[in-house]
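Given next are the chains, with one letter for each unit.
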Amino acid sequence: MVFTPKYRRKIIYSELRKDIQGIIKALCKWKGIEIIEGRMMPDHIHLLVSIPPKYRASQITGYRKGKSAMMILERHANLKYKFGNRSFWATGYCVSTVGINTVTAVKYIREQEKQAQVEDSLRRKEYGDPFKGSK
């Protein structure tokens, strides 16, 4: 599962990251969902979860996004001005089923942070000042 904050804001850092992580873990525990692997990027979250057969992926994602948004905005009242209307997460999400071979999905999620760091460093080089000469 992959989902993002509204407007894909790069807001998931430090204290907020710890709170979101705790909230998501608690919500999964309440529904009996096992988190196999997860990574929190500055502007999105990757989760590999094992959902009980009585739930659909859309039910769990809706539940997690709705409840976590209310809990996040309750704990961090200053975010209400940025996001408003109790909607912290962007509309939509990405879900893909893995099946028995979870090794590839776990590897992808673990390497996502490294890939994002490489992409960010490449982007920074693009925005150099063109009026400064090379020395």
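Cut-offs and rules
Within each chain, residues carry numbers counting from 1 in the order of the written sequence. Under the rules for a predicted model, residues below a pLDDT of 70 receive no local features and side-chain atom pairs below 80 are neither given nor counted, while totals for whole chains, interfaces and linings still include all residues. Where side-chain values are given, they derive from all heavy atoms of the structure, hydrogens and water being excluded. Buried residues of nine kinds, namely Ala, Val, Leu, Ile, Met, Phe, Trp, Tyr and Cys, make up a nonpolar core once their side-chain atoms join them within 4.5 Å. The rule is simple: take the accessible area with a 1.4 Å probe, protein chains only, and divide by the maximum for that residue type; under 20% is buried, over 50% is exposed, in between is partly exposed. Helix and strand definitions here come from DSSP, where helices need a minimum of 4 consecutive H or I residues and strands a minimum of 2 consecutive E residues; each element is numbered from the N-terminal end. Whether two residues are in contact is decided by their heavy atoms: any pair within 4.5 Å suffices. For a helix, the expected span equals 1.5 Å multiplied by the number of residues minus one. Only one rule defines a salt bridge in this text: a Lys or Arg side-chain nitrogen within 4 Å of an Asp or Glu carboxyl oxygen.

(A) A look at the nonpolar core. Of all hydrophobic cores here, the largest spans 24 residues; its most connected members are Ile-20, Ile-45, Ile-72, Leu-79, Phe-88 and Trp-89. Sorting the residues of this core by element identifies helix H1 (14-31), strand S3 (45-50) and helix H2 (57-75) as the ones contributing at least two each. Tallying contributions element by element places H1 first for this core, with six residues. Those residues in contact with Phe-88 that sit more than four places away from it in its chain are Pro-5, Lys-6, Ile-11, Leu-16, Ile-20, Ala-69, Ile-72, Leu-73, Leu-79 and Phe-83.

(B) View of H2. Between its first and last C-alpha atoms H2 spans 27 Å; for 19 residues at 1.5 Å apiece the expected length is 27 Å, and the two agree. Residues Ile-60, Thr-61, Tyr-63, Arg-64, Lys-65, Ser-68, Ala-69, Ile-72 and Leu-73 constitute the buried set of H2. If you follow the buried residues of H2, they end up packed against strand S1 (2-3), H1, S3 and helix H3 (80-83).

(C) Summary view of the pattern of salt bridges. The tally for this structure, following the rule as stated, stands at one salt bridge. Arg-39 is the partner of Glu-37 in a salt bridge, and the nearest nitrogen-oxygen pair spans 3.0 Å.

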